[in-house]
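# Close look at the chain arrangement
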Amino acid sequence: MVTRGFVGRRQPPETGARLPPGQYLTQDFPILQIGPNPAVDLATWRFTLREGARPITSWTWAEFEALPRTAWHGDIHCVTKWSKFDTDWEGVSIDDLLAAAGIAAPTGYLLAESYDDYSTNVPVADLLGGRAMVATRYRGEPIHPDHGGPARLFVPHLYFWKSAKWVKGLRFTQEDTAGYWELRGYHMYGDPWREQRYIGD
Amino acid sequence: MTEPVVFRWHPAVVTAVEALTPWVKSVRLACDLAKSYRAGQHVDVRLTAEDGYRAQRSYSVASVPDGSGTFELMVEGLPDGEVSGWFSEVAAVGDTVELRGPIGGSFSWDGPDGGPLLLAAGGSGVVPLLAMLRRRAQAYPEIPAALIYSARTRAEAIALAELEARDRAEPGFSLHLTTTREDRARRVDADLVAAAMARLGPPGRVFICGSNRFVGTASDLIVAAGVAPGLIRTERFGA
């Protein structure tokens, strides 16, 4: 359906090839969340792995900071249509986290859970093989609370709502269980290259 | 929420275009999606060029369902805005675009959610909150409400005439306007929040919408005024 008089602002080819369908490039770093930033105190911060309700292991901030670290450079894509190129993140890969816990993933799915009671579901396979981390640094600095600090899940190959801010743990689930936005119509998987914004896309 | 929501594109026809401020236009769109939606929700708009190139953006809905089968959007013409530029310079009655939604269950309100309702808006962030006030006036006038509204100037304050008329006519609603680029310029501050809360009483629901900076400041002030963070819902735009 053609819109009369709409021409559009085409991206240069080198930009266009890096933009998933329906996205536009921003130089800003927009902020999206459901409520105010939660107050997260590093003195009491913990990151916990759970299988269902059962805790498997947890780390204090000092213990978490001592885990092996991974750096990542690349592009991020938000379901609200912006993409940001050449971002730099650092944190603990999920592979290293499981190794430190001395376990293999007990199920095929998990929910990332946050200090503001946000949650989001991700298949475990999407978090392994260096494809995801719990990030604690952005451009070499601690992550600002506006962007999910002190720690956020970071899964750059999925829309950014999957990269839960203020994350406090990962809960392994037997089935793919909808999180906060997924219960409200957002796609269960969220691949920007297949434009999986909402259920049915 | 047992049934998954499915969003598909639907055609929508422009039925009215009106300038609200020097930068903001009201655009009314007839669409079969407009039968039922909640105040505060947004829709995605998709435009398609002759060669198939497409662009889409999200816009808050200013209207509430009223039997007309239309959505009212209030679109700010941003410099270089790919979609907003089309709305501000091209859109005319009879044009067709595509919509999907309404989207956003978290930042929305209806009477059964209760009150009192404390609303805080920066600039064009007032649009979804205007929808909540319209819904309140339409069906739940007994629920107290207050709007803290920070605009650059009175001329740039969206729907100011409507809001001031509601402030005069509706018992239980108060408008707390501040302008940041005029004489006696003032940003949202603790005194303004205190004045709104003194009129309203302890809020049961809080919605804050505007730029990152506005939402951050207003959230902090409202939490500092003693409101539980769990009552607050925010929506931010821009950088």
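Bear in mind the structure is a predicted one, so any value in this text is a computation, not a measurement. (Residues numbered from 1 in each chain as written. Chains lettered and ligands numbered in written order. Predicted model: local features only at pLDDT ≥ 70, side-chain atom pairs only at ≥ 80, totals over all residues. Heavy atoms only, no water.)

### Quick look at the state of the cysteines
Condition: In this description, a disulfide is simply a cysteine sulfur pair whose atoms lie within 2.5 Å. Burial classification: accessible surface area is computed with a 1.4 Å probe over protein chains only, and a residue below 20% of its type maximum counts as buried, one above 50% as exposed, and the rest as partly exposed.
Within the structure shown, the criterion is met by 0 disulfides over all chains. Counting only cysteine sulfurs, C78 of chain A is the nearest neighbor of C209 of chain B, a cysteine outside any disulfide, at a range of 15 Å. What makes C209 of chain B buried here is its relative accessible area of 3%.

### So, the sheet that holds strand β6 (residues 96–103) of chain B
Residue and element names in this part refer to chain B. Put simply, the rule reads: Here the rule is simple: two strands pair whenever DSSP picks up at least two bridges between them. Under the DSSP-based scheme used, a helix requires at least four consecutive residues in state H or I and a strand at least two consecutive residues in state E, with every element numbered from the N terminus. Axis definition: a line fit to C-alpha positions, over the contact stretch in the case of helices; interaxial angles, taken between N-to-C directions, run 0 to 180 degrees. Every residue pair with non-hydrogen atoms within 4.5 Å of one another is taken to be in contact.
With antiparallel pairing, 6 strands are arranged side by side in an open sheet as β4-β3-β6-β1-β2-β5. In this open sheet, the two edge strands, each paired with only one partner strand, are β4 (54–60) and β5 (70–76). The sheet shows a mean angle of 40° between the axes of neighbouring strands, taken without regard to direction. Bridge count for strand β2 (residues 24–30) against β5 is 7 bridges, and the pairing is antiparallel. Residue pairing across strands places K25 opposite V75, the latter belonging to β5. Set on the sheet, helix α1 (residues 82–89) makes contact with β2, β3 (42–48), β4, β5 and β6; between it and β4 the angle comes to about 75°.

### Looking at unusual backbone geometry
Residue P102 of chain B is reached from G101 of chain B by a cis peptide bond, and omega for that bond is -5°. In this structure, P102 of chain B sits in strand β6. One non-glycine residue, R139 of chain A, lies in the positive phi region at around 50°. Checked against the element boundaries, R139 of chain A lands in the loop between β8 (133–138) and β9 (141–142). Of note in the backbone geometry, A159 of chain B takes a positive phi value of approximately 60° without being a glycine.

### Quick word on the domain arrangement of chain B
Residue and element names in this part refer to chain B. For clarity, the threshold we go by: In this document the domain limits rely on a domain assignment from an automatic tool or a database. The buried area of a pairing is the accessible area, by a 1.4 Å probe, that goes missing from both parts when the two are put together, added over both. Salt bridges are counted wherever a side-chain nitrogen of Lys or Arg sits within 4 Å of a carboxyl oxygen of Asp or Glu.
Domain annotation of chain B identifies domain 1 (10–103) and domain 2 (111–237). Computed from C-alpha coordinates alone, the two centres of domain 1 and domain 2 are separated by 24 Å. Taken together, the contact between domain 1 and domain 2 spans 19 residues of the former and 16 residues of the latter. For the pair domain 1 and domain 2, the summed buried area comes to about 1300 Å², and 58% of that belongs to carbon and sulfur atoms. Where domain 1 touches domain 2, the interface holds 3 salt bridges. For the salt bridge of R38 with D113, the shortest nitrogen-to-oxygen distance reads 2.7 Å.

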